[in-house]
Amino acid sequence: MIVLLGVLVVVLGFATRRNPLLVVGVAGIVTGLLAKLSPVEILRTFGESFASSRSVTIFAITLPVIGLLERNGLQQQARTLIGKLGTKLTTGRFLTLYLLLRQVTAAVGLQTIGGPAQSVRPMIAPMAEAATERRNGGRPLPEKVREKVRSHAAGTDTVGLFFGEDCFLAIGSILLITGLVNSTYDTHLEPLHLALWAIPSAVCAFFIHGGRLLRLDRTLERELVTANAQLAVEREDAMGRGEGALGSGEGALRRGEEGGAAK
């Protein structure tokens with residue numbers, strides 16, 4: 001069981017906000033050393049795992065496709081669609097609907113239908129931003145508010161996938177748990193049992209995170225009011241400084257003219 005200390009490395013790395021790739025790599029090396037593997041065997045294991053997992057290199061196809069779609073106006077079309085759906089579809093309500101859709105699709109095995117690259121960045125985040133801009137009178141969002149909307153869009157996708165995929169019988173985590181428990185404790189645990197027990201967790205996750213998303217509308221509204229008020233004050237100060245500088249220039253010009261007349 002000492003090899004499981006590699007999990008502690010992952011927890012500490014993520015808790016201290018280190019680079020995820022570096023954390024996972026170090027955790028793999030620590031686990032290999034605790035399992036008394038030689039450096040060559042650890043390196044061979046890394047290579048075999050990378051070569052056998054084709055999903056690791058799927059970004060080579062995903063990124064060009066997403067870039068091509070964005071270049072041809074995918075984000076703008078997503079914003080336009082939100083504008084046609086009416087004022088009742090707020091940012092929180094839209095993200096709650098996406099949370100439900102993400103959980104349902106993940107529960108039937110469609111885990112890769114969404115994701116940060118496939119759906120959040122090109123469609124979900126721009127649509128959520130458009131809903132917030134509509135509540136802001138069509139004005140551009142402050143950078144802080146924009147980043148908050150984007151982070152909630154990405155978080156909604158993660159929560160929906162995490163708690164929805166365990167309801168699917170053939171997901172890797174379910175098969176790993178059943179295989180480990182059956183071989184270690186000499187039991188006969190079926191994947192259906194775990195999938196059924198995952199449903200209450202998914203339902204609770206939907207209501208808890210859905211409530212947070214609905215409260216997001218009020219939070220964004222308060223932040224927009226504060227940001228707009230601060231922007232108005234800054235504009236007034238800038239106009240005041242401009243008028244003061246103009247008045248000083250006119251006064252200097254007048255004094256110069258008076259001095260010339262006196263001479």
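See above for the structure.
If you're wondering where the values come from, they're calculated on a predicted model, not measured in any experiment.

K.L.:
Explain the pattern of salt bridges residue by residue, including any values.
P.N.:
Inspection of every chain in the model, using the stated rule, returns 7 salt bridges. Here Arg150 ties to Glu129 by a salt bridge, and the two come within 2.6 Å at their closest N and O atoms. In this pair, Arg150 is assigned in helix α8 (residues 143–164) and Glu129 in helix α7 (residues 116–135), connecting sequence segments 21 residues apart. The class for Arg150 is partly exposed, based on a relative accessible area of 36%. Its relative accessible area of 2% is what places Glu129 among the buried residues. Close ionic contact of Glu221 with Arg135 constitutes a salt bridge, the shortest N to O distance being 3.6 Å. Of this pair, Glu221 sits in helix α10 (residues 191–262) while Arg135 is found in helix α7, placing the two residues 86 residues apart along the sequence. Here Arg135 falls in the partly exposed class, since its relative accessible area comes to 44%. Among the charged side chains, a salt-bridge network with shared partners connects Glu129, Glu133, Arg146, Glu147 and Arg150.

K.L.:
Which residues make up the environment of His193, and what are the values?
P.N.:
Summarising the element assignment, His193 is placed in helix α10. Linking His193 and Ile174, residues 19 residues apart in sequence, is a C-alpha distance of 9.7 Å.

Rules used in this analysis
Residues numbered from 1 in each chain as written. Predicted model: local features only at pLDDT ≥ 70, side-chain atom pairs only at ≥ 80, totals over all residues. Heavy atoms only, no water. Salt bridge = Lys/Arg side-chain N within 4 Å of Asp/Glu carboxyl O. Helix = DSSP H or I, 4+ residues; strand = E, 2+ residues; numbered from the N terminus. Buried < 20%, exposed > 50% of the residue type's maximum accessible area, 1.4 Å probe, protein only.

These results come straight from atomic positions and should not be treated as a statement about function.
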